[in-house]
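# Structural overview for review
Residues per chain are reported as follows:
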Amino acid sequence: MTLYSQTATKFLKLSHQQLEQSSTNLHYLTDLETAVANADLVIECLPENRALKRDFFKRFAQIAPQKTVIATNTSTMLPSEFAEDTGRPTKFLAYHFANEIWKYNTAEIMPQSQTDPQLIDTFIAYSKEIGMVPLVIHKEQAGYLLNSMLIPFFTSRFKPVGN
């Protein structure tokens, strides 16, 4: 049993039939041009490397239809750093899921200054539709909402009272 199968069975409570059906709905493509040819939404999930992301967005801008909305899943960079590279800054924002989304179902939505406000509403509705709790960050910041709370917690020198 794959990790996906184990996770889906344990946390999502999928039956064997539902698990098999979900697998038939997944399609893998290795050619970016083919993958984005008719896409309504692309979520970029590359490693946290500015040059790599910038190159991807520039290539995306050249080949994706103008209707395609793009979101970055960066967890440490500001979406405004890449908005112009996408070729559609009004259709671009950051969209970040918490780790283990089957347990912690939050979707952080961070627009940048050129993001169409209607797109934010669309992502809020989409998040709810896929069972996520949308958290809108109205001011760009590296690390999003959850990381801005977790990192100080993890790096603090907290000492319990009484020790």
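Everything numeric in this text was worked out from a predicted model, so none of it was measured. (Residues numbered from 1 in each chain as written. Predicted model: local features only at pLDDT ≥ 70, side-chain atom pairs only at ≥ 80, totals over all residues. Heavy atoms only, no water.)

For the protein, the count of helices and strands is six helices and five strands. If you list the helices and strands of the protein from N to C, you get α-α-α-β-α-β-β-β-α-β-α. Overall, the C-alpha framework of the protein stretches about 60 × 45 × 30 Å when taken along its three principal axes. Counting every atom, the protein has about 10600 Å² of accessible surface; 57% of that belongs to carbon and sulfur. Taking the 15 positively charged and 16 negatively charged side chains of the protein as two groups, their mean positions are separated by 8 Å. (Helix = DSSP H or I, 4+ residues; strand = E, 2+ residues; numbered from the N terminus. Areas by Shrake-Rupley, 256 points an atom, 1.4 Å probe, with all protein chains shown as cover. Lys, Arg positive; Asp, Glu negative; His and termini not counted. Charge placed at Lys NZ, Arg CZ, Asp CG, Glu CD.)

Moving on, we come to the nonpolar core. Among the nonpolar cores identified, the biggest contains 13 residues, and V36, V42, F56, F57, F60, I70 and F92 are the most heavily contacted of them. Elements that contribute at least two residues to this core include exactly α3 (32-36) and α4 (50-63). Take this core: its biggest share by element is three residues, from α4. The contacts of F56, once residues within four sequence positions are left out, are L32, V42, E44, L46 and I70. If you look at the next biggest cluster of nonpolar residues, it comprises ten residues, including A71, Y95, I109 and M132. (Core = buried A, V, L, I, M, F, W, Y, C linked by side-chain atoms within 4.5 Å. Buried < 20%, exposed > 50% of the residue type's maximum accessible area, 1.4 Å probe, protein only. Contact = heavy atoms within 4.5 Å.)

The next point concerns the packing of helix α1 (residues 3-11) against helix α2 (residues 16-24). As a packed pair, α1 and α2 sit with axes 10 Å apart at the nearest point and diverge in direction by 130°. As the angle between them shows, α1 and α2 are arranged oblique. Taken as a pair, α1 and α2 cross one another with a handedness that is right-handed. When α1 is examined against α2, the residues Y4, S5, A8 and T9 are found in contact with a partner set consisting of L19, S22 and S23. Taken together, the residues that form the contact of α1 with α2 break down as three nonpolar, four polar and no charged. (Axes fitted to C-alpha atoms, helices over the stretch in contact; angles between N-to-C directions. Parallel < 35°, antiparallel > 145°, perpendicular 65-115°, else oblique. Left-handed = near helix turned anticlockwise from the far one by under 90°. Nonpolar A, V, L, I, M, F, W, Y, C, P; charged D, E, K, R; others polar.)

Here we come to the pattern of salt bridges. Applying the stated criterion to the full structure yields five salt bridges. A salt bridge links D40 to K67; its shortest N-O distance comes to 2.9 Å. Of this pair, D40 sits in the loop between α3 and β1 (41-44) while K67 sits in the loop between α4 and β2 (69-72), placing them 27 residues apart in sequence. E44 is the salt-bridge partner of K53, the closest N and O atoms lying 2.4 Å from each other. Judged by relative accessible area, which is 1%, E44 ranks as buried. In the salt-bridge network here, residues are joined through shared partners; they are E44, E48 and K53. (Salt bridge = Lys/Arg side-chain N within 4 Å of Asp/Glu carboxyl O.)

Moving on to α1. Of the residues making up α1, those classed as buried are S5, T7 and A8. The buried side chains of α1 occupy one side of the element, clustering within an arc of 165° when seen end-on. Counted as exposed and oriented over 90 degrees from the buried face of α1: L3 and K10. Buried positions along α1 lie against α2. Residue K13 follows α1 closely and has a positive phi angle near 60°. (Arc of directions from axis to C-beta.)

Further remarks concern the sheet that holds strand β4 (residues 106-111). Strand order in this open sheet of five strands is β1-β2-β3-β4-β5, and the pairing throughout is mixed. At either end of the open sheet lies a strand with only one pairing partner, and these are β1 and β5 (133-136). Direction aside, neighbouring strands of the sheet carry axes that sit 30° apart on average. Pairing geometry for β1 and β2, over four bridges, is parallel. Following the sheet pairing, L41 is matched in β2 by V69. (Pairing = 2+ DSSP bridges.)

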